[in-house]
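The lines below spell out each chain.
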Amino acid sequence: MKKRQFVLIFLMAVVFLASIVPSLAARLYAESQNTAFCVALEANSTLRHFEKEAYSEVLKAYKESGVTVAAITEENLAFDEAMISLAENNGLFVALLLDGTCEKPAAFYDSLETLLNQHDIQYIGVQNRDAKKQIPVSIKSFLKQSDMTLLVMEKMSQLSNEQFIGYDEAVSAADGRIMRCYETWKEPAKTISAGNQPVDYADVLYHQMLNSAKDRNTRFILVNQIISGTDNPFSQATQTQTAVKAFTQAMAASGYDTKAVPDYSDYLPSHKVTSAGAASIGVLMVLFMIHIVFKKSSAILDYIFLALSVCAFAVTLFLPEQLIRLYPTAYAVLAGCFSLTACAYLAEKLKEKIAAPFWFTIVMLLATLGTLVLSGSVLLALLSGADYYLNNLIFRGVKLTLLAPIAYAAVMLWLFYSRKTVKEQLLTLPRTAKETIANIRIYHIILVALVGAAGALYLMRSGNSGISLWENQFRNFLSELSGARPRTKEFLIGWPCLALWMYYLKKDSGLCKWVFGVGASLLFASVTNTFCHVFTDGCISLLRTVNGLLFSLPVIAAVSAGNVFVRKLIKQFKQ
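The rules behind each value
- Residues numbered from 1 in each chain as written.
- Predicted model: local features only at pLDDT ≥ 70, side-chain atom pairs only at ≥ 80, totals over all residues.
- Heavy atoms only, no water.
- Helix = DSSP H or I, 4+ residues; strand = E, 2+ residues; numbered from the N terminus.
- Buried < 20%, exposed > 50% of the residue type's maximum accessible area, 1.4 Å probe, protein only.
- Contact = heavy atoms within 4.5 Å.
- Areas by Shrake-Rupley, 256 points an atom, 1.4 Å probe, with all protein chains shown as cover.
- Polar contact = N/O pair within 3.5 Å; in protein donor to acceptor, adjacent residues only side chain to side chain.
- Patch = residues over 30% accessible without salt bridge, like charges linked within 9 Å, V, L, I, M, F, W, Y side chains within 5 Å.
- Salt bridge = Lys/Arg side-chain N within 4 Å of Asp/Glu carboxyl O.
- Pairing = 2+ DSSP bridges.
- Axes fitted to C-alpha atoms, helices over the stretch in contact; angles between N-to-C directions.
- Right-handed = clockwise from strand over helix to strand, strands pointing away.
- Core = buried A, V, L, I, M, F, W, Y, C linked by side-chain atoms within 4.5 Å.

Description of the overall build of the protein chain
Broken down by element type, the protein chain carries 23 helices and 7 strands. The buried share of the protein chain, taken over its 575 residues, is 53%. Taking as baseline every contact in the protein chain between residues at least 6 positions apart, the subset at least 24 positions apart corresponds to 82%. About 26800 Å² of surface is accessible on the protein chain, with carbon and sulfur atoms providing 62% of the total.

Take a look at the structure:
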């Protein structure tokens with residue numbers, strides 16, 4: 001490596017430490033300090049299942065299970081004040097949820113202000129699901145006059161929050177007293193494909209709440225009482241309370257606090273400086289990718305990209321915020337491709353120096369993990385700040401970040417492993433294709449089919465739809481076991497493909513190392529996508545990535561043993 005290239009690497013390190021680390025540290029610190037969470041009962045629909053004489057008994061039972069808030073929704077342009085008093089008398093805080101599906105007369109806000117003055121309302125939010133009209137008023141004055149917490153209601157798509165006219169002003173007026181709110185399903189079993197299998201409703205609800213709180217960082221859980229077949233209301237309440245009790249105990253054991261007050265007012269990292277650093281690093285990433293893929297070093301090219309890196313940093317500082325919001329998507333696409341390229345380069349450098357295949361594979365697994373964590377840390381910094389944390393700003397381009405590394409790997413690895421220059425490959429492409437087809441063996445077809453099937457499964461399962469009961473239970477088991485569930489596509493497909501890629505790299509088997517290299521690109525795409533989850537705590541994303549490797553180790557051992565067995569069979573068949 002040339003001296004000037006060491007200078008470029010040193011520059012990347014300096015920029016990382018100066019512009020990325022501060023925002024990353026601010027994010028991780030803010031997340032560690034904001035431990036507030038609470039469980040609220042959707043009081044209107046729940047109490048409607050019981051006789052009025054049983055209201056206090058029902059509320060007390062829910063309070064004993066861990067519910068701390070009674071959420072009372074607006075009905076017919078009014079709130080049930082008797083229900084508010086009942087909740088307060090039973091030791092519950094009160095949250096008022098305004099109906100945002102219609103316009104309100106001035107008298108409504110006058111009566112709401114009177115209600116807020118007469119009662120100690122702790123939380124206020126606006127439900128605006130599928131509204132054709134939005135309420136034409138801000139609730140900022142109510143928030144400024146009190147210490148209420150603003151609830152930002154999560155859309156059912158979970159991609160953003162329900163927003164009303166005056167939303168931004170309300171968020172500002174709340175001055176950091178904000179909680180994202182997740183509402184549970186009344187029929188939790190509908191979220192999975194159970195078929196004819198019996199469903200433990202309380203267990204499904206428990207994991208819904210736990211996954212929402214930990215994975216998506218929604219700390220205000222609005223609980224609807226379970227509706228389960230023909231069970232009577234008291235039986236349904238018992239199931240719901242069982243789930244709530246298990247959930248609150250699990251959250252308390254993880255360090256969350258129902259008495260804490262959320263505060264994001266100081267969580268204001270500099271997006272421009274962080275984006276400038278990411279742009280500068282990104283330019284240098286492209287330079288190293290060019291060097292690695294085309295296997296050429298040019299002083300002129302290095303100096304050009306050094307100048308571009310400095311310009312990218314400087315120009316970003318003067319760009320409008322709307323353009324800067326495109327940076328995370330651009331960097332995420334680049335990060336997955338760069339990590340893959342760095343892995344291929346390092347493997348080529350080390351395959352002769354580390355003779356033992358076992359230790360070579362171990363070193364490459366750890367090196368790949370380190371590369372993914374470092375590149376992912378830049379994404380965590382880019383997506384820091386209260387707006388991202390609360391999911392008001394949304395990461396765009398999820399499908400692009402999932403597909404780009406795979407398409408890039410198919411082309412890059414073909415060029416990287418070829419003994420010809422790019423120009424020679426283009427000139428001899430028809431002959432090369434003909435020779436490749438002539439040399440294809442049955443096991444090559446099997447390998448391509450297996451990797452292709454894995455890729456198809458990966459793309460189909462990039463969302464959370466159509467989850468079967470057994471898969472849901474398996475996911476819950478992993479969550480309970482690890483604290484941060486590793487992504488299935490990583491430990492079942494990505495890491496094992498990486499291990500087989502390293503194996504066939506040692507054997508210098510052209511097509512096989514290309515096939516498994518492309519298969520391993522699923523890992524780089526998936527991990528990069530993990531760091532793009534703006535609503536997930538950064539430490540959870542980091543832990544999930546590490547767990548992906550740890551959980552893959554037995555799979556890698558099994559796949560490697562199977563690979564050796566198949567190779568022996570093929571060898572015997574040839575003889």
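Thoughts on the side chain of Glu31
Mapped onto the secondary structure, Glu31 falls in helix H1 (residues 3-33). The class for Glu31 is buried, based on a relative accessible area of 4%. A distance of 2.8 Å separates a polar atom in the side chain of Glu31 from the backbone nitrogen of Gly538.

Considerations on the environment of Pro320
If you trace the backbone, Pro320 turns up in the loop between helix H11 (299-316) and helix H12 (321-324). Judged by relative accessible area, Pro320 falls into the partly exposed class, the value being 42%.

As for a nonpolar patch on the surface
Where nonpolar side chains cluster on the molecular surface, the patch consists of Val273, Leu317 and Phe318 and spans about 300 Å² of accessible area. Looking at the secondary structure, you find Phe318 in the loop between H11 and H12. Exposure remark for Phe318: the relative accessible area of 73% places this residue in the exposed category.

A look at the pattern of salt bridges
For the structure shown, the criterion picks out 7 salt bridges. Notably, a salt bridge pairs Arg180 with Glu154, separated by 2.6 Å at the nearest N-O pair. One end of the pair, Arg180, is in strand E6 (residues 178-183); the other, Glu154, is in the loop between strand E5 (149-153) and helix H7 (167-174), with 26 residues separating them in the sequence. The partner of Asp537 in a salt bridge is Arg219, with the nearest N and O atoms 3.4 Å apart. With Asp537 in the loop between helix H22 (510-530) and helix H23 (538-574) and Arg219 in the loop between helix H8 (201-215) and strand E7 (220-223), this pair connects stretches of sequence that are 318 residues apart. Each member of the pair, Asp537 together with Arg219, is buried. What you see here is one network of salt bridges that share partners, running through Glu154, Arg180 and Arg216.

Digging into the sheet that holds strand E4 (residues 123-127)
On the basis of which strands lie adjacent, the closed barrel formed by 7 strands has the order E1-E2-E3-E4-E5-E6-E7 and parallel pairing. Direction aside, neighbouring strands of the sheet carry axes that sit 30° apart on average.

A look at the pairing of strand E2 (residues 69-73)
Of all 5 residues in E2, 5 are buried, a share of seventy percent or more. The pairing of strand E1 (residues 38-42) with E2 spans 3 bridges and is parallel. The residue of E2 that forms the bridge with Glu42 is Ala71. Here E2 pairs with strand E3 (residues 93-99) via 5 bridges, running parallel. Along E3, the bridge assignment pairs Thr73 with Leu97. With respect to chirality, the unit in which E2 leads through helix H4 (residues 81-89) into the neighbouring parallel E3 is right-handed.

Focus on the nonpolar core
Phe360, Met412, Trp495, Leu498, Trp501 and Met502 are the most contacted members of the largest nonpolar core, which totals 81 residues. Element by element, the count of residues in this core is highest for helix H13 (residues 327-350), at 13 residues. Dropping the residues within four chain positions of it, Leu498 is found in contact with Cys343, Leu365, Thr368, Ala520 and Leu523. With 67 residues, the next largest nonpolar core counts Leu86, Ile121, Ile139 and Ile178 among its residues.

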